Amino acid sequence: MAGAREDTPESSSSAAGSEDRPGPARLTEAVPPAESEGCGRPLEEAPKKLCGYLSKFGGKGPIRSWKSRWFFYDERKCHLYYSRTAQDANPLDSIDLSSAVFDCKADAEEGTFEIRTPSRVITLKAATKEVMLYWLQQLQMKRWEFHNSPPVLPAAPDATLAGNGPALHLKLGQEEAELEEFLCPVKTPTGLVGAAAALQPVPAMPLALQNISLKHLGTEIQNTMHNIRGNKQVLGTGHGPPVEDFPQSAEPQSEEQASALDPSAPGKEPADSPKPAPKSSLTTCLTQKTKRQSNTFPFFSEGLRNRTAQEKVVALEQQVMVLTKELKSQKELVKILHKALEAAQQEKRASSAYLAAAEDKDRLELVRHKVRQIAELGRRVEALEQERESLLHTASLREQRVQELQQHVQLLMDKNQAKQQVICKLSEKVTQDLAQPPNAADRDFLSQQERMEHLKDDMEAYRTQNRFLNSEIHQVTKIWRKVAEKEKALLTKCAYLQARNCQVESKYLAGLRRLQEAMGPEAGECWELLRELVQEALQWEASEASADGVELSPVSEYDEYGFLTVPDYEVEDLRLLARIQVLEVRSHHLLALEAVERPLRERWAALDQLSPSAELKQLLRAGVPREHRPRVWRWLVHLRVQHLHTPSCYQELLRRGQACEHPAARQIELDLNRTFPNNKHFTCPTSNFPDKLRRVLLAFSWQNPAIGYCQGLNRLAAVALLVLEEEESAFWCLVAIVETILPADYYSKTLTASQVDQRVLQDLLSEKLPRLMAHLGQHRVDLSLITFNWFLVIFADSLISDILLRVWDAFLYEGTKVVFRYALAIFKYNEEEILRLQDSLEIYQYLRFFTKTICNSRKLMHIAFSDMNPFPMKQLRQLRAAHRERLEAELRELEQLKAEYLERRASWGRVVTEGCASEDDGDGDA
């Protein structure tokens, strides 16, 4: 803003306007009472306009020097404008105070201070130190007022200010009270700031041309022509007072303003009255007030006339004390009379009741009632006597304490008097020494004393600088906090708008897909247009759309763990669905960021030491933030394998693998290239993750020879590597899953435990989701074809990375029960969609990718851990035991059938051999 104003002075003149610049005609206007009273300070401490002459250090090269400038503050823009004189029409430049900080140095020249903005540093110098402190304090208040004031609507600025005025003044009053703790308010320097400063002559400079701004030469010429034109009009018409008459015209007007704005003056006019109260009315009111006071104390009115003011004050104070004592005694007398009156009235009522009684029985009852009252009062008297004795005892103890304190005070007074006598003797000795002619030692003493005085002055200057800088730091910190709160609110609003944008874009893509399905390829031109729109939506990226660097879309190509957010499927419909699902996931994440994610991160940050507890269980179910997940997983893995873990076990297994090739090494090499083809860490040629995965799998094959290697272990180890990044940690994570969390023969050659879990899942689905299982049974759908891989790799190929890692967070702590919970929750999440499908082929096609359509992780977690309850582990163990027994019986029966078949086949072979000629015999005959 300032730079633009320097380059084009003509635009600055039109922008500033006459209402922003205090000219000679405007500076002599009376200050409205409403504005002066709202500031919370007297008129002489807070002028309406912050303006005055200051010296500005500027220029370039050899012409760099101090130049006198007229500065005035614009409250609407929070800008400090400056020109060469107060009569100039156009300002030379301005300083933006909204983001500026102020500084003063104790070792600099007196009255020098700096205004630091993000673009430049302006050095200014005031006439005195008091003027400098006044400017700094006022600029601080103006900056705070600008940051703390509500925005003003251009349509009705007066109404807005009127509605928010009290709150603003209250905040400014609080700010002034806080600043007084650092730097006391500085009084307004008379004649050096405000309207009166414009009437003073311009500070003289050594050279006439030195004060002219060559940088703003065009503005200087315009101001000169404006002044010449104005002088000609004044000389030609003869109207308007000359410049020399301004002090005489301004002096009485300021006095009238003070009398009009004085809140203690009687007969004050309303704040909106344009006419100030005359000076004679103030004198009259004060005289009337004195007469009223004289009539109040007629005894002293005659005797006080010939006394001094101090004697009058003492006499009036004595009169106040006498009247106070008399008033106190009168109040006590009134209380005693009131009690006596109540007792008489009560006695009168009792006598009336006694006389009104018709029989002796009633009178006897009244007498008994009085006896009971007398007994009750006697007991109260005894209690009061005991209380009085205790109070007397307490008073005696306090009197003893007072006497001890008086003795102590007397000792201190004696000690103080002795010290004063010593000080007097030393002072007399110093006076005698100073009266003698000074020798070398005395001169040295005087020089040291003079140096001490200089150091005291420097110390006072540094103390003043420290107080001001403390107030500046305090205010800048408050402004920074306010800006941080605004930024936080804007970030929340931005996240909400980005979430809405993702929802709109996903609805747009879903609409395109439905139109494409409804119209079909026979639609002709509309089909081609829809196809182009779909291709454009799939290829659009935020980096292409925002050429100026502004992030218009929150969706990136890869997520934080390296997975493709939109996998490159061959089928266009699947890519479109993937794009829709990514937008929905991002939308849910942004909407939950402020309400759920941020408090969850704060709770994890406050959790220093991990220990098994109900709180940790709930936090793990809600999901571990990315920055805390490696630490939490290492702790969970160590909790599982601490009885198996040895420090050098992993390195020994690697050395063993280098010395001798494992039989499973060939199968491991084949599966390495098929591990997470949509993750850049396993597809990039320069990545070291495939080598890490190879070593982890080979080490595990030597660690567990009964399993060696089974398809699916590569996905488990890859997930552990993506989170933990260290080979050894990933190795022990794989050991924890296979050997301690999952059943023993989960990855055996027969996969017995895996088959058992599939049957257990069928029973749980029939119990929790009977409608869905009836629908699938009607169409003869075998869910184990879909869910077998879920359990084998713990959903590594099925769910998106954000939901997958949340499942693993709870799985590593709670065990396989979490896998069953989430499997049931996935079917519950998509139950209505599956029920709408009426063909087995469509159901199988939908079940192939329906897990990728789950985008709301919070909803899925709530279904898994709330809607699926009750889910006791005892029931799970019973179902596993029952199905294992049935499966083992089926396997034994199958082995028996296999043995019988092999035996029959062997017998058939012997019969054929005996009844048929040999092929060798046939060849021999030929």
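Above this text is the structure in question.
Participant: Could you give me a rundown of the overall build of the protein, with the residues and numbers involved?
Facilitator: When helices and strands are tallied, the protein shows 35 helices and seven strands. For the protein, buried positions account for 36% of its 926 residues. The long-range share in the protein, meaning contacts at least 24 apart out of those at least 6 apart in sequence, stands at 68%. Surface exposure of the protein reaches about 56800 Å², of which carbon and sulfur atoms provide 56%.

Participant: Tell me about the sheet that holds strand β6 (residues 112-116), and please be specific about residues and values.
Facilitator: Read across the sheet, seven strands follow the order β4-β3-β2-β1-β7-β6-β5 without closing on themselves; strand pairing throughout is antiparallel. This sheet does not close on itself; its edge strands, each paired only once, are β4 (93-96) and β5 (101-103). On average, each strand axis in the sheet is inclined to that of its neighbour by 35 degrees, with strand direction left out of account. Strand direction decides the pairing type here: strand β2 (residues 65-74) and strand β3 (residues 79-83), joined by five bridges, are antiparallel. Pairing of Trp70 across the sheet is with Ser83, part of β3.

Participant: So what's going on with the environment of Ile473? Residues and values would help.
Facilitator: The residue Ile473 is located in helix α14 (residues 440-519) in this model. For Ile473, a relative accessible area of 53% translates into the label exposed. Separated by 371 residues in sequence, Ile473 and Phe102 have C-alpha atoms that sit 9.5 Å apart.

Participant: Give me unusual backbone geometry: which residues, what numbers.
Facilitator: Along the chain, Asn869 connects to Pro870 via a cis peptide bond; the corresponding omega equals 0 degrees. Mapping Pro870 onto the fold places it in the loop between α33 (857-867) and α34 (873-915). Even without being glycine, Cys78 reaches a positive phi, approximately 55 degrees. Its place among the elements puts Cys78 in the loop between β2 and β3. Overall, the relative accessible area of 0% leaves Cys78 in the buried class.

Participant: I'd love a proper account of the packing of aromatic side chains, names of residues and values included.
Facilitator: One pair of aromatic rings is described through two measures. These are the centre distance and the angle between the planes. Enumeration over the complete set of coordinates arrives at 20 aromatic pairs. Between the aromatic rings of Phe72 and Tyr81, the centroid separation amounts to 5.8 Å while the plane-to-plane angle is 15 degrees, which identifies the pairing as stacked. Side by side, Phe72 and Tyr81 carry an identical accessibility label, which is buried. Ring geometry for Tyr822 against Phe865: centres 5.6 Å apart, planes inclined by 85 degrees, an arrangement best described as edge-to-face. Note that Tyr822 is positioned in helix α30 (residues 817-829) and Phe865 in helix α33, a separation of 43 residues in sequence. Between the NZ or CZ atom of Lys125 and the centre of the ring of Trp66, over which it lies, the distance is 4.7 Å. Lys859 extends its terminal NZ or CZ atom over the ring of Tyr829, reaching a point 4.7 Å from the ring centre.

Participant: Talk me through the pattern of salt bridges; I want residue IDs and the actual numbers.
Facilitator: Scanning the model with the defined rule gives 32 salt bridges in all. Notably, a salt bridge pairs Glu109 with Lys125, separated by 3.2 Å at the nearest N-O pair. Of this pair, Glu109 sits in the loop between β5 and β6 while Lys125 sits in strand β7 (residues 121-125), and the two are 16 residues apart along the sequence. When its relative accessible area of 49% is taken as the criterion, Glu109 is described as partly exposed. Beyond isolated ion pairs, a larger network of salt bridges with shared partners links Asp103, Lys105, Glu114 and Arg116.

Participant: Go over α30, please, and point to the residues and values.
Facilitator: Along its 13 residues, α30 runs 18 Å from first to last C-alpha, staying within 8% of the 18 Å computed at 1.5 Å per residue. Of all 13 residues in α30, 12 are buried; the element is thus mostly enclosed. Buried within α30 are the following residues: Lys817, Val818, Val819, Phe820, Arg821, Tyr822, Ala823, Leu824, Ala825, Ile826, Phe827 and Tyr829.

Reading the values: rules and limits
Residues numbered from 1 in each chain as written. Predicted model: local features only at pLDDT ≥ 70, side-chain atom pairs only at ≥ 80, totals over all residues. Heavy atoms only, no water. Helix = DSSP H or I, 4+ residues; strand = E, 2+ residues; numbered from the N terminus. Buried < 20%, exposed > 50% of the residue type's maximum accessible area, 1.4 Å probe, protein only. Contact = heavy atoms within 4.5 Å. Areas by Shrake-Rupley, 256 points an atom, 1.4 Å probe, with all protein chains shown as cover. Pairing = 2+ DSSP bridges. Axes fitted to C-alpha atoms, helices over the stretch in contact; angles between N-to-C directions. Phe/Tyr/Trp six-rings, centres within 6.5 Å; stacked < 30°, edge-to-face > 60°. Lys NZ or Arg CZ within 6 Å of the ring centre and 35° of its normal. Salt bridge = Lys/Arg side-chain N within 4 Å of Asp/Glu carboxyl O. Expected span 1.5 Å × (residues − 1).

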